[in-house]
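# Geometric and topological summary
These are the residues of each chain, in order.
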Amino acid sequence: MYNLFTGGAMEKCAVGALGIMPYISATIVMQLLTAVWPSLSKMAREEGGRVKVIKYSRYLTVLICIGQGFFMALGWEKPQKHTGL
């Protein structure tokens, strides 16, 4: 099913198999943290603070990509072990 969303990149073990989903996930997490974390919320309301929040979401994107890439590599290495077949 995931292969449908990546345009066949998952099947071919392409570098771009993660697509844009880690960035979207990081942006959503940062928006939720902005609503929950008072200091982050205050920073987002200040002048130039929104730019900092966007910068932090890009750093979070890199961390998510590393994590997802690691687990995708594990899945590609031994697909029978991780799919339950």
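Right, let's walk through the structure included here. (Residues numbered from 1 in each chain as written. Predicted model: local features only at pLDDT ≥ 70, side-chain atom pairs only at ≥ 80, totals over all residues. Heavy atoms only, no water.)

## Regarding the overall build of the chain
Note the following rule: Secondary structure elements are defined from DSSP: runs of H or I of at least 4 residues count as helices, runs of E of at least 2 residues count as strands, and each element is numbered from the N terminus. Classification of residues uses two cut-offs on accessible area relative to the type maximum, computed with a 1.4 Å probe and protein chains only: under 20% is buried, over 50% is exposed, and between them is partly exposed. Contacts are residue-level and defined by heavy atoms, with any inter-residue pair within 4.5 Å sufficient. Here the accessible surface of atoms and residues is derived via Shrake-Rupley with a 1.4 Å probe, and residues count as covered only by protein chains that are part of the display.
If you tally the helices and strands in the chain, you get five helices and zero strands. Counting from the amino terminus, the chain carries its helices and strands in the arrangement α-α-α-α-α. Scored against the burial criterion, the 85 residues of the chain give a buried share of 20%. Relative to all contacts within the chain whose residues are 6 or more apart in sequence, the contacts with residues 24 or more apart total 47%. Within the structure as shown, the chain displays about 6,500 Å² of accessible surface, and the carbon and sulfur contribution to it stands at 68%.

## Describing helix 4 (residues 49-77)
Selection rule: Helix span, as expected, comes to 1.5 Å for every residue beyond the first.
Look at helix 4: 42 Å from first C-alpha to last across 29 residues, which is about the 42 Å you get at 1.5 Å a residue. Gly49, Val53, Ser57, Thr61 and Met72 are the residues of helix 4 that are buried.

## Side note on the packing of aromatic side chains
This is how it is decided: Each Phe, Tyr or Trp ring, with Trp reduced to its six-membered ring, pairs with another whose centre is within 6.5 Å; inter-plane angles below 30 degrees give stacked pairs, above 60 give edge-to-face pairs, and intermediate values give tilted ones.
Scanning the entire structure with this criterion turns up one aromatic pair. Centroid distance Phe70 to Phe71: 5.3 Å. Interplanar angle 75°. Geometry classified as edge-to-face. A relative accessible area of 48% places Phe70 in the partly exposed class. Overall, the relative accessible area of 58% leaves Phe71 in the exposed class.

## Comments concerning the nonpolar core
Heads up, the rule is: Nine residue types can take part in a nonpolar core, namely buried Ala, Val, Leu, Ile, Met, Phe, Trp, Tyr and Cys, and a core is a set of them joined through side-chain atoms within 4.5 Å.
Met30, Leu40, Met43, Ala44 and Val53 form the largest nonpolar core, which has five residues in total. If one sorts the elements of this core by residue count, helix 3 (residues 38-45) sits on top with three residues. Each residue touching Met30, except ones within four places of it in the same chain, is listed here: Leu40, Val53, Tyr56, Ser57 and Leu60.

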